[in-house]
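What follows is each chain in one-letter form.
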Amino acid sequence: MDFPEVLSRGFNQIFQRPPSPAEADAFSRYLQLLLQWNRVQHLTSYRRPADIVEKLFLDSLLFLQWVPPGRARVLDLGAGAGIPGLPLKIVKPEITLTLVEARRRRASFLTAVVRELALQGVSVLAGRAEDLLEAGSDPGLRGAYDAVVTRAVGPLPSILPLAMAFLRPGGRFIASGPPAGKPLPTLPRD
């Protein structure tokens, strides 16, 4: 099955509708950028477009049921290739999205995707989450988000305190692990 079929089938299962032309175009361009950059830097172990659509893009859209309604402020902790944050933004453009990524090359990829897709209300922060929360960093980060999303970043006991520091009172931490059969990566130690 090819990209448009997998995307359409997944949208029908999740939303009971096909992707809009704008959504289909955005996901197609995102996929092309991901495949292109993935040749040089390791953004994902998935190589087949259908796998990327199904296991990354569509899997990310399952987070939507827990993202607060309306113009929520969402932070993607350890965004990597933009998963789950960018697919959420494509489908729910009213959210304000902050992508936090420690690795500069991945942050450069995220910046390129945001620029190429002309996504409004998205910022990319290159740096470790712990460092971004330190005194003297942007004070607008701590306790500012309605939701923090993360996918397969690391062990929950390490991630939960970081996520909680970014959340406003009553905010939501939405996390998933790696697909079955893939171990969680380990977080770098200080």
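Attention in this report is confined to the structure presented alongside it. (Residues numbered from 1 in each chain as written. Predicted model: local features only at pLDDT ≥ 70, side-chain atom pairs only at ≥ 80, totals over all residues. Heavy atoms only, no water.)

The buried fraction of strand S4 (residues 145-151) amounts to seven of the seven residues, a majority that puts the element mostly inside the structure. Where strand S1 (residues 73-77) meets S4, three bridges bridge the pair, whose relative direction is parallel. Within S4, the residue paired with Leu-75 across the bridge is Val-148. Bridging between S4 and strand S5 (residues 167-176) involves six bridges; their strand directions are parallel. (Buried < 20%, exposed > 50% of the residue type's maximum accessible area, 1.4 Å probe, protein only. Helix = DSSP H or I, 4+ residues; strand = E, 2+ residues; numbered from the N terminus. Pairing = 2+ DSSP bridges.)

Here we come to the pairing of strand S2 (residues 96-101). When you tally the buried positions in S2, you get five out of six residues, the bulk of the element. Where S1 lies against S2, five bridges are found, and the strand directions are parallel. Its bridge partner being in S2, Leu-75 is matched across the sheet by Thr-98. Crossover connection from S1 via helix H4 (residues 85-91) to parallel S2: handedness right-handed. Pairing between S2 and strand S3 (residues 122-126): five bridges, direction parallel. The residue of S3 that forms the bridge with Thr-98 is Ser-123. Of the crossover connections in this fold, the one passing from S2 over helix H5 (residues 104-116) to the parallel S3 is right-handed. (Right-handed = clockwise from strand over helix to strand, strands pointing away.)

Turning to the pattern of salt bridges, a few remarks are in order. Taken as a whole and judged by the stated rule, the model has eight salt bridges. One salt bridge connects Glu-54 with Arg-9, and the closest N-O pair in it is separated by 3.9 Å. Here Glu-54, found in helix H3 (residues 49-61), pairs with Arg-9, found in helix H1 (residues 3-15); they are 45 residues apart in sequence, far enough to count as distant. Arg-168 is the partner of Asp-146 in a salt bridge, and the nearest nitrogen-oxygen pair spans 2.4 Å. With Asp-146 in strand S4 and Arg-168 in strand S5, this residue pair connects regions lying 22 residues apart in the sequence. Judged by relative accessible area, which is 31%, Arg-168 ranks as partly exposed. Each of Arg-48, Asp-51 and Lys-55 takes part in a single network of salt bridges with overlapping partners. (Salt bridge = Lys/Arg side-chain N within 4 Å of Asp/Glu carboxyl O.)

Honestly, that's just the spatial picture; any functional story needs more than this.
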